[in-house]
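Inside the fold
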Amino acid sequence: MTTRDLVLVALFAAIMVVLGLLPPITLGFIPVPITAQSLGPMLAGCILGARRGFLSMLLFLLLVAIGLPVLSGGRGGFAVLAGPTGGYVVGWAFGALVCGLIAERLVREGQNEIAQIAAFVAAAFIGGVVTVYLFGLVWLSYATGNAFLPAVAASAAFLPGDLIKVGIAALAGRAVLAGYPLLPQRA
Amino acid sequence: MLNGLDIEGNSPLHRMPVRGKLIVLFTAAIGLFFLSDLRLLVPALGLAAALFLSTGIGIAEAFRRTRFVLFTVLLVAAANYVFVSPHEAVVVFCRLSILVLLAATITAATGISAFMDEIARLAAPLERLGLVRAADVSLAVGLVIRFVPEILARYHDIADAHRARGLPLRPLTALVPLIILTLKDADTIAMAIDARGFRRH
Amino acid sequence: MDIVFSAATVRYGGRIALHPLDLSLTERRIGVVGLNGSGKTTMARLINGLVKPTEGTVTVGGLDTVKDEAAARGRTGFIFQNPQHQMILPILAEDIAFGLKNRGLAKAEIAERTDAVLARFGIAHLARRRVHEFSGGETQLGAIASVLVTGPDLLILDEPTNQLDLKNRTLIERTIADLPEQVLVITHDLALLESFDRVLVFSEGRLAADAPPDEAIRTYRKIAAC
Amino acid sequence: MDIVFSAATVRYGGRIALHPLDLSLTERRIGVVGLNGSGKTTMARLINGLVKPTEGTVTVGGLDTVKDEAAARGRTGFIFQNPQHQMILPILAEDIAFGLKNRGLAKAEIAERTDAVLARFGIAHLARRRVHEFSGGETQLGAIASVLVTGPDLLILDEPTNQLDLKNRTLIERTIADLPEQVLVITHDLALLESFDRVLVFSEGRLAADAPPDEAIRTYRKIAAC
Ligand SMILES: Nc1ncnc2c1ncn2[C@@H]1O[C@H](COP(=O)(O)OP(=O)(O)OP(=O)(O)O)[C@@H](O)[C@H]1O
Ligand SMILES: Nc1ncnc2c1ncn2[C@@H]1O[C@H](COP(=O)(O)OP(=O)(O)OP(=O)(O)O)[C@@H](O)[C@H]1O
Ligand SMILES: O=C(O)CCCC[C@@H]1SC[C@@H]2NC(=O)N[C@@H]21
Ligand SMILES: [Mg+2]
Ligand SMILES: [Mg+2]
C-alpha cells in the first residue's frame, strides 16, 4: 500500500466521523436510526474504489471498536457492534467494497457524463443499499429475535433517504472523477 | 468530540495506561447495556461527569466539546419518551450520556501518540500473521484524528467562498469541493509522510 | 464607492482581533500592510460581511454589511489569501458560470459573459482545465475572473502575489492597475503599493498609519524592525 | 554532501517537466529561482526521492535516490511550499516526536531531542500548542524544527518566506544563515539569495543559468521580462 493510499483511507474514515456529527433520526418501530453515515461507504466506493474504500470503512470500524464516539449521536464501543445495528455498521465495509468493484468496472474517464452518473448510481445502490441492508437485516433479525420479514418491511423507511444518498454519491463520484480522478479503472 | 485533543495534565486518569482506560470503557459500554435501574444510573452519570472534570478540562470547554452529542442524546431520549415511556427515556439518556462522558474523558486524558502506541501493540499479532503493518494502523488512526478538524476547516472555507460570491450554500455544491480540497490536502500530507520518513519501507 | 467603518470592532472568542476602527475609504487604489496576525484579513472580511463586527458598523456604498448583507456583498468581490480554496467547481468555465447561474441569467448570456471574462484576462485556453492543477499565477487569474464576472464595484485581494514568480507578479500588478473597478489590496509585497492612492498600516489590531505609500511603508518598516 | 544529477529527466503523464539535467552540487548555500512551473519543485523533490527520475539518476552523498531510497531520504529534510500540510500530528511536540519514534529511538532520547530542537529554534513555548493555529512564521519554524530533529545533512526549503511579513521573513533569513547544515532554498524572494554560494535558474524545465547570486538574478530578470 502506498502512503497516498494510506492517507486516502484515513481521509474517508474521517469523512465518516464528520458525517456522524449530523444527528441521527430515531424511528419508533425499528431500533435502527436514519443516519447520514450510510452515505460514507457509497462515497468511499465511488471515489476511492474497492480496495481503499473497503479499508477506509474497516479503519472506521476499528475506531468504533476502540470506543471512540464516532457513530452518529456520539456512540461507539463494542456494545454498538454487538447491538441491533451492528450488522449495518459491518455491512458498510462490504458495501464500500461492492460499490467500488462495480464502479471500477463500469465507469470510464472518457464516457459521457450521463453514462458515468448512471454507472455510479448502479454501484452505489448495489453496494451501499442492497449489500448494506443484507448484512444489516440478517444481524438485526438474529439480534432482536424478530422474524425476518417485519424487519424487511420496516426498513422501507430508510429507502427514501438512502436513494437520495445514492444520488448524492453518484453526482459526487462523477464530479471528483472530472476534477481529481482517483478511481482505479479495470477493463 | 474527536478533535483528538487531550488536555495537558497529570491527573490519575492521565497517568493510567491507555489499555486500562479502554478496558474500563468497554466494560462500561457492555455493563450499561444491562442496567436500567435509575438508582444506579443517575449516580453513575454524576460520577462520569466528575471524572470528566477531573481531567482539568474546565466546565466551559467540557460543555463545548460535548454539547452537540448531548443534544443528539436528548433527541434520542425524546423519541423514547414519545414512543416508549418516560422511564425508558431517562434510562436511555443516562446510559448514552455516561458513555459520551467516559469516551470524552479518555479523549481528554490521552495523547494521540499514546493511543497510537496502544493500537500498534494491539495490531502486533496481526502483523506477525502478515495481515497488516502495525505501524500503518496506528499512523492511519492518528491521521483520522488529524483530518476531522481539517475537513471542518475546509467546510468553513467553502461556506465563505459561497458567501463571498453571493451563492446559496447547498449541501451538494459544498460536498464536491469539500472532497476535492481535502483530497488535495491529503496528497500533500502523503508526500510529507514520505519526506519525513514516517513509514519504514 | 464609500467604505465606512464606525467604531467597528472584532473579537474572536474573547480575544480582540480588531480594536474599534473609524475610517472612511473612497480612493480607487487602497493598500493594506502589517505584520502577520495584525488584523488585515479581518478588516477586509468586514467589508464584504464575511466577518461581522462584534460592535460598531461597516457600510459599503451606504449599505450596512449586517442589515443589508446580500446587497452589500453583491457590490464587493473578494479574492482569498489562498484562492485555491475559493474555486467551487472543478472546471474553470463551470466555476465561472456557476456564479452567474445563481443570478438567474439565461444560458446564452452566461456563456457569453464567461467567454468575455476569460478573454479579458487572457485565460481562454484554461476554460476546460481542472482548477486544482493550475499553477499559482493561473489560479490567481482564474479567481479574479470568477469574481469580476458578476460585476462588483469593489475588488478586495488578500495577498495576491504570494506564490508568484516575477513575471506573474508583474501580470497581476498590471491587471490590478488596469481594472476600472475600485481595488483594495492586502500585501507583504511593498513594491506593489508604490502607485497606490492610500496605504493603511495595521499593528496588533489597530490602525498604526494611514498615509501615501512612501510614508506608510516607512512606518511599516519601523514596526517590523522591533 | 554531494548531490549529483546524471541526465535526470522527469515526465508527468506524457509532458516533460524536467529536461535531462546534469549537475553536481556541493556548496553549503544553494539557491533556486525560476518562473512558476519551470520545474524547481520537481528538481528539489528528485533530491529526496519524492519524485523519481523517469530517466537518468540522482545520488545524494553517493546514495541513489531510487535504489537506496530510504537511506538517501534519511539524509535530506524537506520543508514544503505550504508547511502547514506537512505537520502530520496536531500538537507540535507530538509531531516532532513521531518522526523520531519511527526511527526506533528510546522514549527518553526522543523527549530529550524534542526539547533540544524546540530550544534551538526558540519555540519551546509552542510545544503543546495546536499546529493549525500557528501563525505563518510559527508554522515555518515548527516545520524546520520537526525536520531537523531527525538529523539530515541537507535541508531543502521550498519558498519558505511565502506568506511572511517583513519581521518573520528576517527571522527565517537569519535562521537559514545560522544553520550548520547544507541548505537548498527555492524562492521568488531574490533578496534572500544575496549571500548564497551558488544560484540555479530554471526556465521551462531546463537549467538556464548556474552562477553566483548577482549574475543568476540578472539572468532570471531577463527571462521574466519576456
Ligand atoms: N476565525 C478565527 N478564530 C479565531 N481567531 C482568529 C480567526 N481569524 C483570525 N484570528 C486571529 O485574529 C488575529 C488577526 O488575524 P488576521 O487573519 O486578520 O491577520 P492578518 O493580518 O491577515 O495576518 P497574515 O498576514 O498572517 O495573513 C490573529 O491573531 C488570528 O490568529
Ligand atoms: N503531480 C503532477 N502531475 C502533473 N503535472 C505536474 C505535477 N507536478 C508538477 N507538474 C507540472 O510540472 C511542471 C513543473 O512543476 P513544478 O512544481 O516543478 O514547478 P515550480 O517551478 O516549482 O513552480 P512554482 O514556482 O509555481 O512552484 C508544471 O508545468 C506543473 O504543472
Ligand atoms: O449508527 C448505528 O448504530 C448504525 C446505523 C445503521 C443505519 C442503517 S445503514 C442503512 C440504513 N440507512 C439509514 O439511514 N439507516 C440504516
Ligand atoms: Mg491575512
Ligand atoms: Mg514550486
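Residues numbered from 1 in each chain as written. Chains lettered and ligands numbered in written order. Predicted model: local features only at pLDDT ≥ 70, side-chain atom pairs only at ≥ 80, totals over all residues. Heavy atoms only, no water.

**Examining the overall build of chain A**
In terms of regular secondary structure, chain A is built from eight helices and zero strands. Start at the N end of chain A and walk to the C end: the helices and strands fall as α-α-α-α-α-α-α-α. Expected size for 187 residues packed as a compact globule is a radius of gyration near 16 Å; at 16 Å, chain A falls within 12% of this value. Taken along the three principal axes of its C-alpha coordinates, chain A extends 50 × 35 × 25 Å. Here chain A, with 187 residues, has 61% of them falling under the buried criterion. Contacts in chain A between residues at least 24 apart in sequence constitute 76% of all its contacts with a sequence separation of at least 6. Of the roughly 6,400 Å² of accessible surface on chain A, 75% is carried by carbon and sulfur atoms. Treating the 9 positive side-chain charges of chain A as one cloud and the 5 negative ones as another, the clouds have centres 5 Å apart. (Helix = DSSP H or I, 4+ residues; strand = E, 2+ residues; numbered from the N terminus. Rg over C-alpha atoms; globule rule 2.2 N^0.38 Å. Buried < 20%, exposed > 50% of the residue type's maximum accessible area, 1.4 Å probe, protein only. Contact = heavy atoms within 4.5 Å. Areas by Shrake-Rupley, 256 points an atom, 1.4 Å probe, with all protein chains shown as cover. Lys, Arg positive; Asp, Glu negative; His and termini not counted. Charge placed at Lys NZ, Arg CZ, Asp CG, Glu CD.)

**Some words on the domain arrangement of chain B**
Reports often express the size of an interface as the amount of accessible area lost when the parts come together. With domains assigned, chain B is organised as domain 1 (12-110) and domain 2 (135-195). The C-alpha centroid of domain 2 of chain B is placed 30 Å from the C-alpha centroid of domain 1 of chain B. (Domains from an automatic or database assignment.)

**A word on the coordination of the magnesium ion (ligand 4)**
All names here are of chain C. Within the protein, the magnesium ion (ligand 4) binds to Thr41 (OG1) and Gln81 (OE1); these donor distances fall in the range 2.0 to 2.5 Å. Taken as a pair, Thr41 in helix α1 (residues 40-47) and Gln81 in the loop between β6 (76-79) and α3 (92-101) lie far apart in primary sequence, 40 residues in all. Residue Gln81 is classed as partly exposed on the basis of its relative accessible area of 27%. (Donors = N, O, S within 2.8 Å, 3.2 Å for Na, K, Ca; no water.)

**Some remarks on the side chain of B:Ser138**
The topology assignment puts B:Ser138 in helix α7 (residues 134-164). Not counting chain neighbours up to four residues away, the residues in contact with B:Ser138 comprise B:Met116, B:Ile119 and B:Ala120.

**Concerning the site of ligand 3**
All names here are of chain A. Residues in close proximity to ligand 3 total 17 residues, the closest being Pro33, Arg75, Thr85, Asp162 and Lys165. Here a nitrogen atom of ligand 3 sits 2.9 Å away from a polar atom, N or O, in the side chain of Asp162. Lys165 is positioned with one of its side-chain polar atoms (N or O) 3.0 Å from an oxygen atom of ligand 3. Calculation on ligand 3 without its partners gives an accessible area of 410 Å², and the protein chains cover 100% of this total. For the shell around ligand 3, the secondary-structure elements that each account for two or more residues are α5 (86-106), α6 (113-144) and α8 (159-179). Top contributing element to the shell around ligand 3 by residue count: α5, with three residues. Of the residues contributing to the shell around ligand 3, the split by class is 11 nonpolar, three polar and three charged. (Near = heavy atom within 4 Å. Polar contact = N/O pair within 3.5 Å; in protein donor to acceptor, adjacent residues only side chain to side chain. Nonpolar A, V, L, I, M, F, W, Y, C, P; charged D, E, K, R; others polar.)

**Details of the pattern of salt bridges**
All names here are of chain B. The tally for this structure, following the rule as stated, stands at 39 salt bridges over all chains. A salt bridge links Asp136 to Arg133; the nearest nitrogen and oxygen atoms lie 3.8 Å apart. On the basis of relative accessibility, which here comes to 9%, the residue Asp136 falls in the buried class. With its nearest N and O atoms 2.7 Å apart, the salt bridge here joins Asp185 to Arg154. With Asp185 in helix α8 (residues 171-195) and Arg154 in helix α7, this pair connects stretches of sequence that are 31 residues apart. For the pair Asp185 and Arg154, one class covers both residues: buried. Among the charged side chains, a salt-bridge network with shared partners connects Arg146, Glu150, Arg154, Asp157 and Asp185. (Salt bridge = Lys/Arg side-chain N within 4 Å of Asp/Glu carboxyl O.)

**Section: the packing of helix α3 (residues 50-65) of chain A against α5(A)**
Residue and element names in this part refer to chain A. At a minimum axis separation of 7 Å, α3 and α5 run at an interaxial angle of 170 degrees. Classed by the angle they form, the pair α3 and α5 counts as roughly antiparallel. For the pair formed by α3 and α5, the contact residues are Ala50, Arg51, Gly53, Phe54, Met57, Leu58, Phe60 and Leu61 on the first element and Val89, Val90, Trp92, Ala93, Phe94, Ala96, Leu97, Gly100, Leu101 and Glu104 on the second. Of the residues in the contact of α3 with α5, the class split is 14 nonpolar, two polar and two charged. (Axes fitted to C-alpha atoms, helices over the stretch in contact; angles between N-to-C directions. Parallel < 35°, antiparallel > 145°, perpendicular 65-115°, else oblique.)

**Section: the interface of chain C and chain B**
If you look at the interface, chain C gives 24 residues, while chain B gives 17 residues. A combined buried area of about 1,800 Å² lies between chain C and chain B, and 59% of that area is made up of carbon and sulfur atoms. For the chain C face of the interface with chain B, the top three residues by lost area are C:His85, C:Ile88 and C:His132, together amounting to 35%. One can count two salt bridges joining chain C with chain B. Salt-bridge contacts for C:Arg45 lead to B:Asp160; the nearest nitrogen and oxygen are separated by 2.8 Å. Connecting chain C to chain B are eight residue pairs in polar contact (both at pLDDT 80 or more). Where the side of chain C that touches chain B is concerned, the elements lending two or more residues are α2 (69-74), β6 and α3 of chain C. The greatest single-element share of the side of chain C that touches chain B, amounting to four residues, is contributed by α3(C). Per-class residue counts for the side of chain C that touches chain B are eight nonpolar, 10 polar and six charged. (Buried area = accessible area lost by both parts, 1.4 Å probe.)

**Section: the interface of chain B and chain A**
Each partner contributes to the interface: chain B provides 46 residues, whereas chain A provides 45 residues. For B:Asp187, the salt bridge identified is with A:Arg4, shortest N-O distance 2.5 Å. Linking chain B to chain A there are three residue pairs in polar contact (both at pLDDT 80 or more). If you list the elements that add at least two residues to the side of chain B that touches chain A, you get α2 (18-34), α4 (59-83), α5 (86-109), α6 (112-128), α7 and α8 of chain B. Among the elements that make up the side of chain B that touches chain A, the one with the highest residue count is α8(B) (13 residues). Residues belonging to the side of chain B that touches chain A are distributed by class as follows: 38 nonpolar, three polar and five charged.

**Things to note about the side chain of C:Asp158**
Residues and elements named next belong to chain C. Following the sequence through the fold, Asp158 ends up in strand β7 (residues 154-158). Despite its burial, Asp158 pairs with no opposite charge; the closest candidate is Arg45, at 5.7 Å N-O. Of note is the side chain of Asp158, whose polar atom sits 2.8 Å from the side chain of Thr41. Setting aside residues no more than four positions away along its own chain, Asp158 makes contact with Thr41, Phe78, Ile79, Phe80, Gln81 and Ile186.

**Some thoughts on the sheet that holds strand β5 (residues 63-64) of chain D**
All names here are of chain D. Spatially, the four strands line up as an open sheet ordered β2-β1-β4-β5, and their pairing is antiparallel. In this open sheet, the two edge strands, each paired with only one partner strand, are β2 (15-25) and β5. With seven bridges joining them, strand β1 (residues 3-12) and β2 adopt antiparallel strand pairing. The residue of β2 that forms the bridge with Val4 is Ser24. Sitting on the sheet, helix α1 (residues 40-47) touches β1, β2 and β4 (55-60), and the angle it makes with β1 is about 125 degrees. (Pairing = 2+ DSSP bridges.)

**A closer look at the pairing of strand β4 (residues 55-60) of chain C**
Residue and element names in this part refer to chain C. Bridge count for strand β1 (residues 3-12) against β4 is five bridges, and the pairing is antiparallel. Across the sheet, residue Phe5 finds its bridge partner in β4, namely Val58. Sheet topology places β4 next to strand β5 (residues 63-64); two bridges connect them, and they run antiparallel. In the strand pairing of β5, Val60 is matched with Leu63. A loop of two residues connects β4 with β5, the two strands running antiparallel in sequence, and Gly61 in this loop sits at a positive phi of about 55 degrees.

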